[in-house]
Amino acid sequence: MQTGSLVCVGTGMTLGSHISPLSRSYIEQADVVFVLVADGITEKWIEQMNADVRSLQPYYLEGKSRMLTYREMVAAMLVEVKAGKKVVGAFYGHPGVFAWVPHNAIKQARELGFSAHMEPGISAEDCLYADLGIDPGTYGCQHYEASQFMFYKRNIDTAAYLILWQVGVAGDRSLAKFSTDSEYRKVLVKLLTEYYPSEHEVILYEAATLPIQPIRIDLMPLVILPDAVMDLKTTLIIPPTNKAELNTVLLAELEGLNAKKNM
Ligand SMILES: C[S@@+](CC[C@H](N)C(=O)[O-])C[C@H]1O[C@@H](n2cnc3c(N)ncnc32)[C@H](O)[C@@H]1O
């Protein structure tokens, strides 16, 4: 194993309160910390933990493909790993949830023979279960990136929750936009109304990233979604519209099995 190493940690969603002691300790003991968090205040907070904190934010540019941005971020971290440094990537939320850079940086570092792993964090998903009082085990829960949900044919279970991430850039095939407009969202809503009534109540959710910030929980009928305000931190939650149907064939099979076992 070579001397350089990489740990990707999650800083959680809310400034100051969500980071785990282990992730904090990795940040404090790193030779260099690359940071990608929700706002400048959180960045400043991480800067207090280590003398060499470098923001990955400047790699983002409107009109530049996010794939190129992500590859550049991975490359920047790997340069320091190859130089033999203890590198930490600190990402808001959970570094493995809808996050290409940490997964790929770890993969590439390992392929080059370096030690690399991930430390989990509190993601937007964790916050929404707490803030909206949703238990994913009650009806089941499906998660998709909104654009991918549009680009590929999916089998949607309308008896379970459907959660669409990055809804603020839904339908952007260029991967270069910071937002898409109501025309794109109309296409998404058209797709969704193949499964849900147009008056079905959906939720636009934004967890607090600063302790003083209010949580956004906006309920609205699906049909007005194209005109709703949303940005890069908005997640769309679509509650179930019908009850799950019993699988009578399988239940009968289990009955038979029970009877056999109890003989
Ligand atoms: C690239 S993903 C990163 C998710 C992050 N790794 C996590 O663990 O939550 C960005 C998407 O996460 C969701 N997201 C980010 N910040 C959020 C917030 N404050 N509240 C709700 N969802 C958020 C949105 O769907 C957003 O488009």
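Novice: Kindly report on the sheet that holds strand S10 (residues 235-238), identifying the contributing residues and their values.
Specialist: Hydrogen bonds between backbone atoms are what pair the strands of a sheet, whose relative direction is either parallel or antiparallel. Pairing is mixed across the open sheet formed by five strands, whose spatial order is S6-S7-S10-S8-S9. Each of the sheet's edge strands pairs with one partner strand only, and the pair in question is strand S6 (141-145) and strand S9 (216-221). Ignoring strand direction, the axes of neighbouring strands in this sheet form an average angle of 20°. The pairing of strand S8 (residues 201-206) with S10 spans three bridges and is antiparallel. Residue pairing across strands places Tyr 205 opposite Thr 235, the latter belonging to S10. The strands touched by helix H5 (residues 124-132) are S6, strand S7 (161-165), S8, S9 and S10; relative to S8, the strand with the most contacts, the crossing angle is about 120°.

Novice: Which residues make up the pattern of salt bridges, and what values go with them?
Specialist: Tallied over the entire structure, the rule returns 12 salt bridges. Taking the shortest distance from any N to any O, the salt bridge between Glu 80 and Arg 54 comes out at 3.0 Å. One end of the pair, Glu 80, is in helix H3 (residues 66-82); the other, Arg 54, is in strand S3 (residues 53-55), with 26 residues separating them in the sequence. Where Glu 80 meets Lys 85, a salt bridge forms, and the shortest distance between an N and an O atom there is 3.0 Å. Residue classification places Glu 80 among the buried positions, given a relative accessible area of 12%. Of the residues examined, Lys 85 reaches a relative accessible area of 28% and is grouped as partly exposed.

Novice: Residue-level account of the nonpolar core, with values.
Specialist: In this structure, Phe 149, Leu 162, Leu 164, Leu 188, Leu 192, Leu 225 and Leu 236 are the most contacted members of the largest nonpolar core, which totals 22 residues. Where this core is concerned, the elements lending two or more residues are helix H7 (146-151), S7, helix H8 (182-192), S8 and S10. If we ignore the near neighbours within four places in the chain, the residues touching Leu 236 are Leu 162, Ile 163, Leu 164, Val 167, Leu 192, Val 202, Ile 203, Leu 204 and Leu 225. Counting residues in each nonpolar core, the second largest holds 21 residues, with Ala 76, Val 81, Ala 105 and Phe 114 among its members.

Novice: Describe the side chain of Arg 216, with residues and values.
Specialist: Within the secondary structure, Arg 216 is located in strand S9. For Arg 216, the side chain forms a polar contact with the main-chain oxygen of Val 229, separated by 2.8 Å. Setting aside residues no more than four positions away along its own chain, Arg 216 makes contact with Leu 204, Tyr 205, Glu 206, Val 229, Met 230 and Thr 234.

Novice: Explain the packing of aromatic side chains residue by residue, including any values.
Specialist: One pass over the full model with this rule turns up five aromatic pairs. Summarising the aromatic geometry, the rings of Phe 98 and Trp 165 are spaced 4.3 Å apart at their centres and angled 10° between planes, so their arrangement reads as stacked. Taken as a pair, Phe 98 in the loop between strand S4 (86-91) and helix H4 (100-111) and Trp 165 in strand S7 lie far apart in primary sequence, 67 residues in all. Counting every residue linked through ring pairs, the aromatic cluster contains Tyr 60, Tyr 70 and Trp 100. Arg 173 extends its terminal NZ or CZ atom over the ring of Phe 151, reaching a point 5.6 Å from the ring centre.

Novice: Can you break down the site of the ligand residue by residue, with the values?
Specialist: His 94, Val 97, Ala 124, Ala 207 and Thr 235 are the nearest of the 18 residues found near the ligand. Between the ligand and Gln 166, the relevant distance is 3.0 Å, taken from an oxygen atom to a main-chain nitrogen or oxygen of the residue. A distance of 2.8 Å is found between a nitrogen atom of the ligand and a side-chain nitrogen or oxygen belonging to Thr 235. Across the complex, the protein chains shield 94% of the 570 Å² of accessible surface that the ligand would expose by itself. Mapping the shell around the ligand onto the domain boundaries places at least three of its residues in each of domain 1 (5-118) and domain 2 (124-238).

Calculation criteria
Numbering of residues starts from 1 in every chain and runs along the sequence as written. Reporting of local features is limited, given that this is a predicted model, to residues whose pLDDT is at least 70; pairs of side-chain atoms are given and counted only at 80 or more, and all residues count toward the totals for whole chains, interfaces and linings. Calculated side-chain values reflect all of the structure's heavy atoms, with hydrogen atoms and water omitted. Think of it this way: DSSP has to see at least two bridges between two strands before they count as a pair. Note on conventions: DSSP H or I runs of at least 4 residues are helices, E runs of at least 2 residues are strands, and numbering of each starts at the N terminus. Axis definition: a line fitted to C-alpha atoms, over the contacting stretch in the case of helices. Angles run 0 to 180 degrees between N-to-C directions. Contact definition: two residues touch when any of their heavy atoms are within 4.5 Å. Salt bridge, as used here: a side-chain nitrogen of Lys or Arg that lies within 4 Å of a carboxyl oxygen of Asp or Glu. Partly exposed describes any residue whose relative accessible area lies between the buried limit of under 20% and the exposed limit of over 50%, with all areas from a 1.4 Å probe on protein chains only and scaled to the type maximum. Take the buried Ala, Val, Leu, Ile, Met, Phe, Trp, Tyr and Cys residues and link them wherever side-chain atoms come within 4.5 Å; each set so joined is a nonpolar core. Counting of polar contacts relies on pairs of N or O atoms within 3.5 Å, with two restrictions inside protein: one atom must be capable of donating a hydrogen and the other of accepting it, and residues adjacent in sequence are counted only when both atoms are side-chain atoms. Centres within 6.5 Å are what make two rings of Phe, Tyr or Trp a pair, Trp counting through its six-membered ring; a difference in plane orientation under 30 degrees is then read as stacked, over 60 as edge-to-face, and the rest as tilted. Each ring is checked for a lysine NZ or an arginine CZ that lies within 6 Å of its centre and within 35 degrees of its normal; such an atom marks a charge sitting over the ring. A single heavy atom is enough: if one lies within 4 Å of a molecule or strand, its residue is considered near that molecule or strand. Here, Shrake-Rupley sampling with a 1.4 Å probe gives the accessible areas, and only protein chains in the shown set may cover a residue. Residue ranges for the domains originate in an automatic or database domain assignment.

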